[in-house]
Amino acid sequence: MIYKFRVILDAEEDVFRDIAIDENDSLEDLHNTIVNAFGFDGMEMAAFYTCDDKWNQDEEIPLFDTGDNPGEGLTMADHILSSTFDKENTKMIYVYDFMNMWTFFVELAAVEEAESGVSYPDLLFTHGIMPSLAPNKDFEADNDDSFNEFEDDYDEEDLDMFDGDDSFEDYGFEENWN
């Protein structure tokens, strides 16, 4: 079977590509097809992310094993499309180049029989022109209290080492050591 995907750049302007790829290909093959379809050089890191129907990001599937113990983490090459996508799981987020954060929405649009004489993967349709720079992303916290755990809760007692007649000699240093 052939999986037909629509890959949409997360931008204000409509930029997308429709791709057909064999169900036995891997996410790495889909990655390479997306790189070619959007004109990237393929020299940057990338990852797919599982997500729910509302595009809420979940598990990362990296291009390379980035774990602490080499060989333990699954990569794009380990995920076959037919085992990754089904009727309930039709969406993924794809990020290319973590410095620029090119972000794409990947959605399985159809599963069809292969056409004779067509080699896959195949770029079926292109719409829109890729911008020269990745669209800006505004990363915002879900609530205003998200950084409260990082606030410093020191009080005046924490600063008492500088008060009174204490000298640096108590700490093994002379006051004018340099």
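The model shown is predicted, which means the values in this text are computed figures rather than measured ones. (Residues numbered from 1 in each chain as written. Predicted model: local features only at pLDDT ≥ 70, side-chain atom pairs only at ≥ 80, totals over all residues. Heavy atoms only, no water.)

1. A few points about the environment of L108
So, point 1. Here L108 shows up in strand 6 (residues 102–112).
So, point 2. When the C-alpha positions of L108 and K87 are compared, they lie 9.0 Å apart, and in sequence the two are 21 residues distant.
So, point 3. Every residue in contact with L108, bar those within four places of it in the chain, is listed here: Y3, K4, F5, F85 and T90. (Helix = DSSP H or I, 4+ residues; strand = E, 2+ residues; numbered from the N terminus. Contact = heavy atoms within 4.5 Å.)

2. Quick word on the sheet that holds strand 4 (residues 57–62)
So, point 1. Pairing is antiparallel in the open sheet, where seven strands are placed in the order 4-3-5-6-1-2-7. Of all the strands in the sheet, just strand 4 and strand 7 (122–127) have a single pairing partner and so form its edges. For this sheet the average axis-to-axis angle between neighbouring strands, irrespective of direction, equals 25 degrees.
So, point 2. Relative to strand 6, strand 1 (residues 2–9) is paired through eight bridges, and the arrangement is antiparallel. Bridge pairing links I8 to F105 in strand 6.
So, point 3. Sheet strands in contact with helix 1 (residues 27–38) are strand 1, strand 2 (16–22), strand 3 (46–51), strand 4, strand 5 (91–96), strand 6 and strand 7, and its direction is about 145 degrees off that of strand 2. (Pairing = 2+ DSSP bridges. Axes fitted to C-alpha atoms, helices over the stretch in contact; angles between N-to-C directions.)

3. Points about the pairing of strand 3
So, point 1. Burial of strand 3 is extensive: five of the six residues sit out of reach of the surface.
So, point 2. Bridge count for strand 3 against strand 5 is five bridges, and the pairing is antiparallel. By the bridge assignment, A46 is partnered in strand 5 with Y96.
So, point 3. Sheet topology note: the strand 3/strand 4 ladder contains four bridges and is antiparallel. By the bridge assignment, F48 is partnered in strand 4 with I61.
So, point 4. Between the end of strand 3 and the start of strand 4, which pair antiparallel, lie five residues, with W55 showing a positive phi angle near 70 degrees. (Buried < 20%, exposed > 50% of the residue type's maximum accessible area, 1.4 Å probe, protein only.)

4. Focus: the side chain of H31
So, point 1. Locating H31 in the fold gives a position in helix 1.
So, point 2. A residue is classified by how much of its surface remains accessible, and H31, at 2% relative accessible area, is buried.
So, point 3. Side-chain polar atoms of H31 contact the side chain of Y94, separated by 2.6 Å.
So, point 4. The contact partners of H31, leaving out residues within four places of it in the chain, are A46, F48, L63, M76, Y94 and Y96. (Polar contact = N/O pair within 3.5 Å; in protein donor to acceptor, adjacent residues only side chain to side chain.)

5. Structural notes on a nonpolar patch on the surface
So, point 1. Together, M45, F64 and F98 make up an exposed nonpolar region whose accessible area comes to about 260 Å².
So, point 2. Looking at where F64 falls in the secondary structure, it is placed in the loop between strand 4 and helix 2 (81–84). (Patch = residues over 30% accessible without salt bridge, like charges linked within 9 Å, V, L, I, M, F, W, Y side chains within 5 Å. Areas by Shrake-Rupley, 256 points an atom, 1.4 Å probe, with all protein chains shown as cover. Salt bridge = Lys/Arg side-chain N within 4 Å of Asp/Glu carboxyl O.)

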